[in-house]
Amino acid sequence: MPQEKQILELPDFLTVRELADLMGESPIEVMKELISNGIMASINQQIDFDTAAIVADSMGYEARPMRAEEEEESTDEAAAPQWRTFYSEEDPSKLKPRPPVVAMLGHVDHGKTSLLDRIRQTDVQAQEAGGITQHIGAYQVTHNGQVITFLDTPGHEAFTAIRARGAQGADVAVLVVAADDGVMPTTREAWAHIRAAGVPVVVALNKIDRPNANPERVKQQLDEELGLKPDEWGGDTLVVAVSAKTGEGIEDLLEAILLAAAETDIRANPDAPAAGTVLEGRMDNRLGPVATLLVQNGTLRTGDVVVAGVTHGRIKRMFDEWGKVVREAPPSKPVSVMGLSEPPHAGDMFEVVKNIKIARIITEQRRLEREDARVKPQAPSLEDVFERFQAGEAKELRLIIKVDADGSLEPVVNSVEGIEVSDLNVRVLHADVGEITENDVNLASASGAVIIGFNVKPDPAAARVAESLGVDIRTYNIIYKLIESVELALQGMLEPEYEDKRIGVAEVRQIFRVPRIGNVAGVQVIDGVARRNAKVRVWRGREILAEGASVSSLKRFNEDVREVRTGFECGVGLDGFQDFKVGDKLEFYVRERAN
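Residues numbered from 1 in each chain as written. Predicted model: local features only at pLDDT ≥ 70, side-chain atom pairs only at ≥ 80, totals over all residues. Heavy atoms only, no water.

Engineer: Would you mind showing me how to read the pattern of salt bridges here?
Structural biologist: Any two side chains of opposite charge can pair, so long as their charged atoms come close to each other. Summed over the entire model, instances satisfying the criterion amount to 25 salt bridges. E321 is paired through a salt bridge with K333; the nearest N and O atoms lie 3.9 Å apart. Of this pair, E321 sits in the loop between β17 (311-319) and β18 (325-326) while K333 sits in the loop between β19 (328-329) and β20 (334-340), and the two are 12 residues apart along the sequence. E321 gets classed as buried once you look at its relative accessible area, which sits at 4%. A relative accessible area of 14% places K333 in the buried class. Two residues, R537 and E587, come together in a salt bridge whose shortest N-O distance is 3.3 Å. Separated by 50 residues along the polypeptide, R537 in strand β29 (residues 535-540) and E587 in strand β34 (residues 585-593) bring together distant segments of the chain. (Salt bridge = Lys/Arg side-chain N within 4 Å of Asp/Glu carboxyl O. Helix = DSSP H or I, 4+ residues; strand = E, 2+ residues; numbered from the N terminus. Buried < 20%, exposed > 50% of the residue type's maximum accessible area, 1.4 Å probe, protein only.)

Take a look at the structure:
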């Protein structure tokens with residue numbers, strides 16, 4: 001008598017890893033089963049119920065649709081950030097405390113680098129060790145027997161770039177503020193990035209050795225401008241006075257970091273296959289592709305096969321921050337590794353897989369997905385927010401607000417923060433005076449925010465990055481229009497805005513008479529492209545003769561073509577306009593959703 005199969009309740013969609021966990025099987029075994037059924041899927045790729053049921057059946061389970069209430073819970077879980085933790089699916093009994101990972105952020109000359117150097121020197125002296133032989137972008141120090149990992153990044157831009165790729169780079173953030181300078185615009189930006197990441201913060205009040213240092217004034221600024229009330233004033237923010245120059249307060253800062261880390265659940269399973277974040281990838285003339293990896297779960301070992309983004313390889317050698325060769329790296333350990341096929345991107349997540357064949361399948365699948373998709377990251381638009389709320393993908397509208405003057409900032413922020421519709425409210429991640437910058441766009445991309453500008457525009461670099469990342473930028477010069485747009489977005493009633501985007505210009509060089517068709521313009525494309533599905537404006541000098549004409553024909557050498565690029569000649573026929581003259585300009589444009 002055949003053994004009765006175990007019932008397995010599955011949602012409509014789940015990832016390969018989630019299916020493996022439900023069955024208590026290795027994700028690699030599930031991937032093999034999918035491959036045997038002609039389906040190429042990576043560990044984190046979603047599959048539907050029918051596909052999962054086929055795999056479950058072949059592995060001894062009977063799949064059934066999940067009950068509605070259970071599916072709703074799993075949907076909420078799936079909506080959580082992928083980088084939430086690397087151990088969320090581990091057996092709790094296997095989890096052990098790991099060292100906290102710390103990132104330092106702050107204004108450019110408030111002493112982040114000096115503070116990191118001082119902390120590192122303190123640890124070197126404690127170990128009676130020599131100088132640093134290799135800089136790998138991260139290092140570990142020991143304080144009172146407890147290890148702390150520091151990320152030596154150039155600032156909050158790098159911190160955000162890592163998060164934008166789906167990785168959680170740090171467990172604790174240190175906001176560095178100079179005691180003689182106070183809160184600066186970049187300080188506010190850094191705090192916005194920390195808030196968006198949702199990690200605990202410790203404030204390092206640096207440069208207290210300077211004669212003009214005024215720690216009390218800066219604490220007042222922290223409280224009034226950033227809402228960071230020091231613990232000594234009855235708040236919940238640890239503010240530590242330090243001097244990178246003299247070393248004063250360094251021990252207190254390390255103690256504060258450990259206290260902040262103790263309030264969070266920083267654990268990992270050291271016995272699992274390693275997974276974590278790529279901190280840096282580079283090509284070394286002598287060593288070849290080199291990557292700095294931060295292990296966040298499991299233990300990485302020499303000989304392991306690693307997939308990192310769209311690259312893979314077998315780990316040949318590993319070095320710690322002192323340049324010493326190590327054979328294994330436990331959770332929170334940063335290492336520099338050799339053996340990948342090419343340098344990975346900072347922020348990519350890496351994981352250990354069973355063999356090179358599996359690694360090659362995963363990376364090839366990811367490459368194909370990227371090539372096929374060619375889509376912008378899924379940053380929300382103002383019109384999308386209500387739809388995402390209904391789908392359970394969003395609980396708030398996140399905004400970054402930039403205004404032209406101090407007097408406008410408070411009224412705009414207070415007006416939008418007071419809006420709430422159907423349990424969907426507004427959260428302002430960052431608000432400041434000045435034009436919209438590239439850093440604002442990066443923060444919006446990483447945190448899923450919309451940028452609102454009042455009497456300001458994005459600078460050219462910000463506009464380019466916003467277009468490439470798909471970040472929605474809205475600008476207004478009337479405050480009630482701004483508020484109205486936000487209210488309509490929360491109600492799901494905001495209509496998308498469209499604008500004309502010029503894609504090319506052609507100049508008429510000849511006119512041809514075609515029987516039963518009429519006049520066709522022989523043109524040369526002088527800029528961009530002439531495209532069959534575009535609309536056309538016909539210009540004669542400064543006068544527009546036709547607006548919104550459709551292209552009825554686009555030919556090269558009597559062959560119909562889809563588009564013609566700069567420098568080439570073609571024949572163009574328009575619906576509703578034939579009165580061409582040599583020298584006329586045809587402006588080709590498309591209607592696109594406005595940012």
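Resuming the write-up.
Engineer: Is there a simple way to think about the confidence of the model for the chain in this case?
Structural biologist: Detailed reading of the predicted coordinates is not advisable wherever pLDDT falls low. When the pLDDT values of the chain are averaged, the result is 81; 83% of them are 70 or greater. For the chain, per-element mean pLDDT is lowest for helix α4 (residues 68-79), which scores 37, and highest for strand β15 (residues 300-301), which scores 96. For the stretch residues 68-88, pLDDT sits under 50, and the model shows 28 contacts to residues farther than four places along the chain or on other chains. Note on residues 124-134: pLDDT under 50 across the span, and 17 contacts to partners over four residues away in sequence or across chains. (pLDDT = per-residue confidence, 0-100. Contact = heavy atoms within 4.5 Å.)

Engineer: How should unusual backbone geometry be read in this particular structure?
Structural biologist: Trans is the prevailing form of peptide bonds, just as negative phi is the prevailing case for residues other than glycine. Phi at S332 takes a positive value of approximately 75°, unusual for a residue other than glycine. In this structure, S332 sits in the loop between β19 and β20. The phi angle at N455 is positive, at roughly 60°, despite the residue not being glycine. By the element assignment, N455 lies in the loop between β25 (450-454) and α14 (460-469).

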